[in-house]
Amino acid sequence: TDASLGALGSFSRELAELHIAGCEAITDAGVVAVAAGCAKLGAFLLDTCSGITDAGICEVAKRCTLLHTLQAIGCSGIGDESLLALARHSRSLARLDVRGCSRITEVGLEACDRDLKGCRIFAQRSHVRIRVTSYRSPPARRQCSATAP
């Protein structure tokens with residue numbers, strides 16, 4: 001719950017990794033509490049948490065400067081605003097998984113392409129899975145694999 005995440009944010013200042021999945025009761029309020037109190041958070045995995053939106057992820061991007069992994073598979077409230085904030089603030093990000101986040105478009109992906117050097121990004125668009133292993137290579141050299149789900 002958001003109250004549980006609030007307690008983590010208040011009493012777990014050294015928290016480096018947090019995995020939550022399928023928690024419909026968790027909203028941006030809980031995510032913001034973790035971001036505010038756990039600045040050393042390096043990995044945040046929050047698959048299928050439908051109550052989390054761009055507002056929560058933007059705060060994580062701004063406050064968790066050591067973030068190297070963000071996995072938000074199937075988080076329907078996350079869109080380009082989150083990716084733009086991550087591209088702007090999360091320069092340590094090495095792995096971003098936003099498969100199944102239907103509000104993400106090329107706008108957000110291009111911002112990550114441009115600004116997150118060496119970040120491996122996993123996205124799913126138009127029923128095709130995209131795994132990009134090198135966003136920083138010139139377009140002709142990008143290594144991508146695409147398969148039908």
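Everything here concerns the structure above.
Rules of the game
Residues numbered from 1 in each chain as written. Predicted model: local features only at pLDDT ≥ 70, side-chain atom pairs only at ≥ 80, totals over all residues. Heavy atoms only, no water. Salt bridge = Lys/Arg side-chain N within 4 Å of Asp/Glu carboxyl O. Helix = DSSP H or I, 4+ residues; strand = E, 2+ residues; numbered from the N terminus. Buried < 20%, exposed > 50% of the residue type's maximum accessible area, 1.4 Å probe, protein only. Contact = heavy atoms within 4.5 Å. Core = buried A, V, L, I, M, F, W, Y, C linked by side-chain atoms within 4.5 Å.

Quick look at the pattern of salt bridges
So, step 1. Using the criterion set out here, one finds seven salt bridges in the structure.
So, step 2. Between glutamate 14 and lysine 40 there is a salt bridge, and its shortest N-O distance comes to 2.9 Å. Within this pair, whereas glutamate 14 is found in the loop between helix H1 (2–11) and strand S1 (17–19), its partner lysine 40 is found in the loop between helix H2 (28–37) and strand S2 (43–45), the two being separated by 26 residues in sequence.
So, step 3. For glutamate 14, a relative accessible area of 57% gives the class exposed.
So, step 4. Several salt bridges share partner residues, and in doing so they unite Glu59, Lys62 and Arg63 into one network.

Description of the side chain of aspartate 54
So, step 1. Mapped onto the secondary structure, aspartate 54 falls in helix H3 (residues 54–63).
So, step 2. Non-local contacts of aspartate 54, meaning those with residues more than four positions away in its chain, are made with Gly77, Ile78, Gly79, Glu81, Ser82 and Arg103.

Notes on the nonpolar core
So, step 1. Ranked by internal contacts, the top residues of the largest apolar core, which has 40 residues, are Phe44, Leu46, Leu70, Leu86 and Leu96.
So, step 2. At the level of elements, H2, H3, helix H4 (80–89), helix H5 (106–115) and strand S5 (120–125) are the ones that each hand at least two residues to this core.
So, step 3. Discounting residues that sit within four places of it in the chain, phenylalanine 44 has contacts with Leu18, Ile20, Val31, Val60, Leu67, Thr69, Leu70 and Gln71.

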